[in-house]
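A look at the structure
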Amino acid sequence: MFRGICFLLLLLPLMYEVQAQGENRVVFLPGTFQNVSISQNETVQAVVSRIPADVAFVTLQFHSQHRNATLSYTRIPTLGLSLTAVDSGLLSALQPGQTSLSLFLFSPDSDTFAATGVILPYSSMDPVPGACNIEFNLDIDPNIYIHYNLYETTIRFAPANLGYGRGETPPACDTSTATNTRWRLQYDIYQYFLPENDLSERSLFSSIQAVADIRDMTENGRRVMTLSSADMSMAVFSSIPGQGVIYSVIVRDPALNTSASYVPVHTYACSFDSTLDGCQTLGKISTKVFFTIIGLAGLFVCFFGHRFFKCELFCMGFSFTAFFFFVLITRTTELDYDIRLALSAMIGVVGGVLLVMSWWRFGSVMLCIVVVGLMLGFLIASTVLFTPLGDLDIFRRSDAVFWVTFCSIMIITPLFFVRWPREGNITSCGFIGAYAVILAVNAYIYTSLSYITLNILKRFLNNNFSTAFSDVPFQIIDYVMITVWVVLGVCGIVLQLYRERSRPFFPPSPYLMWLQERERRKTNVLDPSHHFPPLPNRLLSRVRQLTKRMEPAGEHTPLLL
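Residues numbered from 1 in each chain as written. Predicted model: local features only at pLDDT ≥ 70, side-chain atom pairs only at ≥ 80, totals over all residues. Heavy atoms only, no water.

**Focus: the overall build of the protein**
Across its full length, the protein carries 15 helices and 17 strands. Sorting the 561 residues of the protein into buried and exposed places 46% on the buried side. Put simply, 75% of the contacts in the protein that link residues at least 6 apart link residues at least 24 apart. A total accessible area of about 29,300 Å² is found for the protein, and carbon and sulfur atoms account for 64% of it. (Helix = DSSP H or I, 4+ residues; strand = E, 2+ residues; numbered from the N terminus. Buried < 20%, exposed > 50% of the residue type's maximum accessible area, 1.4 Å probe, protein only. Contact = heavy atoms within 4.5 Å. Areas by Shrake-Rupley, 256 points an atom, 1.4 Å probe, with all protein chains shown as cover.)

Set out below in structure tokens:
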């Protein structure tokens, strides 16, 4: 008996240590962020204390960078009482006299990761986010659900309800659409961009803390749209792989002038777990090689395109044909990206050669200049619709209006080349060549300027892309790239205009020059070249000389005495 008691006394410290390792208790104060580390097989008990009496409900939200966390009302997670996500949150309606509550946090995976969390309190006058949920698992779901692909990012959320006090019965959700029901609520969709080229956990946590509540999000974020209760509770945005974005929904009650925030959600539109094409290795080697060559060719065209006219025509024909066939191959086949890029490049070479040969054979400068003008028109139209003008409802809701506007700008541009062909050609070389340099830089360092043409490519490849907001961040690197684009373009244009001021507008066609030279030799008998035998005769004579047996040297006739 004595030995058994001693054994139990020895086990008590070990049992206490095991319990301490298995469960961690973290105390939250309303509105104060807490950084929490969650390890394998560990339960973190989130304790909320000192809740004021005027608070009717609270939301507890947790955010990790890319690891799932399970947030539960109970110690053992069950369906309908827990949520597993990277950005997770639970809403707890308080009872009269309640000043504290406990929720539980788990790691569903085998990895240890860090998360940040906060408790946000709301009064009985504030709307209740997700209280009219009929789509997701939780009874009251304040979360935003996000889905992304290469082209678009979609967010969905459950409708909210009017606020109510502690212990009161919630208002009915769908019995009436009168102004005293939840149908008067409005939803503001906000967007906040993280620093560019920064995939660090520290940057995410500081950004989450900067936009977690209503006041911070309205000050730091950008409101992109407002939905009424009659609209679908979803929004679609353009995906920006590698760029961190935080989305938030703030539900407003215009009658009471109150509001509440859903749990913000973030995405990088890429995977941290993929070893082939994840966020850390986003750029494919084939893409980097392709656009590096494009950038070098663009730099040459920017400063020397008009002087070396055949090289310019090849580059323009290559770009035009490669873009067109990349869209065609992607729309009609399921080939791998690298194969599509290689096929487009090979067909682009053929297109460049055909454009050069058309000028070489027919000598039609205007035909070639029209192609160059269409390239500049494409870039101008893409730039115009890349501005906030492209996010107007008339362009987002109607593909016909968008494409008519785009094609009009693209077709009008070459008309100016008819009056000023040399100046137009040099202008195209400067700005198109400089933009090719920007695309080459984007293969190594992300810049939003690449989406000037990438958004158009997405519209070609995705039928539903018109409904997506194509908003992109503009930060320091983007302003630097705009400066580089303008400086390169202006310098290239000025240099070429100065160098070509005393030269002919365009070089003559080699084929036409050859025809003129041949005709001149036929008619001018004083020209020594007129007496040269034709080329086939000269080649045949040369072959005969190579095959004819050489006569030995020496005298074959008798000497005359």
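**Observations regarding the sheet that holds strand S9 (residues 113–122)**
Taken in spatial order, the 4 strands of this open sheet run S2-S9-S4-S7, and their pairing is antiparallel. Lying at the two open borders of the sheet, with one neighbouring strand each, are strand S2 (34–38) and strand S7 (87–93). On average, each strand axis in the sheet is tilted by 25 degrees relative to the strand beside it, whichever way the strands run. Looking at chain direction, S2 and S9 are connected through 5 bridges and run antiparallel. Residue pairing in the sheet places Ile 38 in a bridge with Phe 113 of S9. Running at roughly 0 degrees to S9, helix H2 (residues 201–211) makes contact with S2, strand S4 (57–63) and S9 of the sheet. (Pairing = 2+ DSSP bridges. Axes fitted to C-alpha atoms, helices over the stretch in contact; angles between N-to-C directions.)

**With respect to the pairing of strand S15 (residues 245–253)**
Looking along a regular strand, one sees the side chains alternate between the two faces of the sheet. In terms of burial, S15 is a largely internal element, 8 of the 9 residues being buried. Across 8 bridges, strand S12 (residues 186–193) lies against S15 in antiparallel orientation. Bridging across to S15, Asp 188 finds its partner in Ile 250. Pairing between S15 and strand S17 (residues 265–267): 3 bridges, direction antiparallel. Pairing of Ile 246 across the sheet is with His 266, part of S17. Here 4 bridges tie S15 to strand S16 (residues 258–261), and the two strands are oriented antiparallel to one another. Bridging from a neighbouring strand, Arg 252 pairs with Ser 259 of S16.

**Examining the state of the cysteines**
Taken as a whole and assessed by the stated rule, the structure comprises 1 disulfide. Paired through a disulfide, Cys 132 and Cys 173 show a sulfur-sulfur distance of 2.0 Å. Taking the sign of the S-S torsion, about -90 degrees here, the bridge from Cys 132 to Cys 173 comes out left-handed. With Cys 132 in the loop between S9 and strand S10 (144–148) and Cys 173 in the loop between strand S11 (152–157) and S12, this pair connects stretches of sequence that are 41 residues apart. An identical accessibility class is assigned to Cys 132 and Cys 173; each is buried. Sulfur of Cys 429: no disulfide; nearest cysteine sulfur belongs to Cys 302 and is 8.5 Å away. (Disulfide = S-S within 2.5 Å.)

**Focus on the sheet that holds strand S14 (residues 234–238)**
With antiparallel pairing, 3 strands are arranged side by side in an open sheet as S10-S11-S14. Of all the strands in the sheet, the pair left with one neighbour each is S10 and S14. With strand direction ignored, the average angle separating the axes of adjacent strands in the sheet is 20 degrees. Pairing geometry for S10 and S11, over 5 bridges, is antiparallel.

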